[in-house]
Amino acid sequence: MSDSDLVRLRPRRIRVVCWSSAVALVVVFSLVATSLHGPTGNGYGSFQRGDQLAMIGLGVLGALGALLFTRPRVEADAHGVRVRNIIGSYELPWDVVRNVRFDRGAPWASLELYDDDLLPMVALQAADKELAVDGVRALRRLHRAHQATLAQS
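To keep things clear, this report deals only with the structure shown in the data block.

Overall, antiparallel pairing links the 4 strands, which are arranged S1-S4-S5-S6 in an open sheet. Every other strand in the sheet has two partners, leaving strand S1 (7–9) and strand S6 (89–93) as the edge strands with one partner each. The sheet shows a mean angle of 10° between the axes of neighbouring strands, direction not considered. Pairing between S1 and strand S4 (residues 73–76): 3 bridges, direction antiparallel.

Below you can see the structure in the form of structure tokens.
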């Protein structure tokens, strides 16, 4: 593999689910907001325009929370791997990576590091089936190519 080879991986299925859920949340909360008018249940108060806007705002916040799950991605080249999970990002050289793992029954792949840590790669999810397998194979090729260059020097 050449120095210019770049592997970019993002989950597919979770992005579709999250975008659909985000749209549904905004629509449902907007519909609920439009139904908020008139007096409350016991008549001591009434719904105002601010209550409707707050309900729509809650829907938008929920949608943004759902869209956090579209954040994961992995980028790798001959020099190292960059992993961005839902919370947190890591940039690692191939020198610290012992193995690229995708254990049977695991929800996503992970990097096994030489200090015995496991770094999950949420972007490579088992739900994506062949896309995830192809991604793990590409990362393993880059890792092997790096190890081969170390062995030659």
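With 19 residues, helix H2 (residues 49–67) should reach 27 Å at 1.5 Å per residue; the first-to-last C-alpha distance of 27 Å fits that figure. The set of residues buried in H2 consists of Gln52, Gly59, Ala63, Ala66 and Leu67. When H2 is viewed along its axis, its buried side chains cluster within an angular range of 105° and face the same direction. Structural note: H2 exposes Leu53 and Leu61 on the side pointing more than 90 degrees away from its buried face. Looking at the buried residues of H2, the elements they touch are helix H1 (13–35).

What follows is about the side chain of Gln52. Structurally, Gln52 can be placed in helix H2. Reaching out from Gln52, the side chain makes a polar contact with the backbone oxygen of Leu36 at a distance of 2.8 Å. Apart from the residues within four sequence positions on either side, Gln52 is in contact with Ala33, Thr34, Leu36 and His37.

Right, let's get into a nonpolar patch on the surface. On the surface, Leu53, Ile56, Leu58, Val60, Leu61 and Leu64 cluster together to form a nonpolar patch covering roughly 550 Å² of accessible area. Checked against the element boundaries, Leu58 lands in helix H2. What makes Leu58 partly exposed here is its relative accessible area of 48%.

Time to look at the environment of Val74. Assignment of secondary structure puts Val74 in strand S4. Note on Val74: relative accessible area 1%, which makes it buried. In this view, Val74 contacts Val7, Arg8, Leu9, Val81, Arg82, Val83, Met121, Ala123 and Leu139; residues no more than four positions away in its chain are not counted.

Following both chains from N to C, one finds H1 and H2 inclined at 170°, their axes separated by 8 Å at the closest point. Put simply, H1 runs roughly antiparallel to H2. Counting all contacts with H1, which are made through Cys18, Trp19, Ala22, Leu25, Val26, Phe29, Ser30, Val32, Ala33 and Thr34, the residues of H2 involved are Gln52, Met55, Ile56, Leu58, Gly59, Val60, Gly62, Ala63, Ala66 and Leu67. Of the residues in the contact of H1 with H2, the class split is 15 nonpolar, 5 polar and no charged.

Reading guide: rules and limits
Residues numbered from 1 in each chain as written. Predicted model: local features only at pLDDT ≥ 70, side-chain atom pairs only at ≥ 80, totals over all residues. Heavy atoms only, no water. Pairing = 2+ DSSP bridges. Helix = DSSP H or I, 4+ residues; strand = E, 2+ residues; numbered from the N terminus. Axes fitted to C-alpha atoms, helices over the stretch in contact; angles between N-to-C directions. Expected span 1.5 Å × (residues − 1). Buried < 20%, exposed > 50% of the residue type's maximum accessible area, 1.4 Å probe, protein only. Arc of directions from axis to C-beta. Contact = heavy atoms within 4.5 Å. Polar contact = N/O pair within 3.5 Å; in protein donor to acceptor, adjacent residues only side chain to side chain. Patch = residues over 30% accessible without salt bridge, like charges linked within 9 Å, V, L, I, M, F, W, Y side chains within 5 Å. Areas by Shrake-Rupley, 256 points an atom, 1.4 Å probe, with all protein chains shown as cover. Salt bridge = Lys/Arg side-chain N within 4 Å of Asp/Glu carboxyl O. Parallel < 35°, antiparallel > 145°, perpendicular 65-115°, else oblique. Nonpolar A, V, L, I, M, F, W, Y, C, P; charged D, E, K, R; others polar.

In short, the description is geometric, and any link to function would need to be established separately.
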